[in-house]
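# Coordinate analysis (summary)
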Amino acid sequence: MAIHENLLGGPPPTHLPDDPEPRELLASGTAPSDVAAKYPTSSLAWAQLADDAFEQGRVVESYAYARTGYHRGLDALRRAGWKGHGPVPFEHEPNRGFLRALHALARAAQAIGEQEEHERCSTFLRDSSPTAADTLS
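A short tour of the structure in this document, coming up. Everything quoted here is computed from the prediction, not taken from an experiment. (Residues numbered from 1 in each chain as written. Predicted model: local features only at pLDDT ≥ 70, side-chain atom pairs only at ≥ 80, totals over all residues. Heavy atoms only, no water.)

This part takes up the packing of aromatic side chains. Under the criterion given, the structure shown has five aromatic pairs. On the basis of an interplanar angle of 85° and a centroid distance of 6.3 Å, the ring pair of Tyr70 and Phe124 is categorised as edge-to-face. One end of the pair, Tyr70, is in helix α4 (residues 59-79); the other, Phe124, is in helix α6 (residues 115-128), with 54 residues separating them in the sequence. No difference in accessibility class separates Tyr70 from Phe124, as the two residues are buried. Centroid distance Phe98 to Phe124: 5.9 Å. Interplanar angle 65°. Geometry classified as edge-to-face. Pair noted here: Phe98 is in helix α5 (residues 96-111) and Phe124 is in helix α6, with a separation of 26 residues, a long-range link. (Phe/Tyr/Trp six-rings, centres within 6.5 Å; stacked < 30°, edge-to-face > 60°. Helix = DSSP H or I, 4+ residues; strand = E, 2+ residues; numbered from the N terminus. Buried < 20%, exposed > 50% of the residue type's maximum accessible area, 1.4 Å probe, protein only.)

Written out as structure tokens, the structure reads:
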């Protein structure tokens with residue numbers, strides 16, 4: 001038996017490829033809107049826009065940004081071999097943009113009264129990464 005064999009028989013964890021440019025631009029203080037414009041497939045940029053909008057009370061904008069980041073992340077996950085379920089570890093830094101967007105979508109959905117979507121996204125986040133669910137909440 002291999003040391004890293006999945007004994008539960010579930011799908012292996014999905015690890016998105018590294019995309020350091022958007023992360024580095026955001027870390028250096030570049031405006032998230034500029035990063036999203038330059039790297040529109042970056043879930044991280046959209047998640048940051050969602051967080052900023054939410055913190056400023058612009059909940060509908062936060063929802064829209066989070067939904068964009070979530071869908072960009074789903075596209076990336078599928079390209080990485082994800083089949084619609086299974087672990088997306090928060091410990092793998094390139095996964096964090098998607099997980100942050102998913103968290104932001106759950107948060108904004110709750111704020112606008114979309115309880116079913118809030119519950120679906122919260123469950124999806126916990127199922128994907130318990131660490132992300134605990135860290136981002």
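Taking 1.5 Å of rise per residue, the 16 residues of α5 would be expected to cover 22 Å, and the 22 Å separating its terminal C-alpha atoms lies within 8% of that figure. For α5, a buried count of 12 out of 16 residues is recorded, marking the element as mostly surrounded by other parts of the structure. Every buried residue belonging to α5 is among Gly97, Phe98, Leu99, Arg100, Ala101, Leu102, His103, Ala104, Leu105, Ala106, Ala108 and Ala109, and all of these are buried. Considering only its buried residues, α5 is in contact with α3 (43-55), α4, α6 and α7 (130-136). Just downstream of α5 lies Gly113, where phi reads positive at about 85°. (Expected span 1.5 Å × (residues − 1). Contact = heavy atoms within 4.5 Å.)

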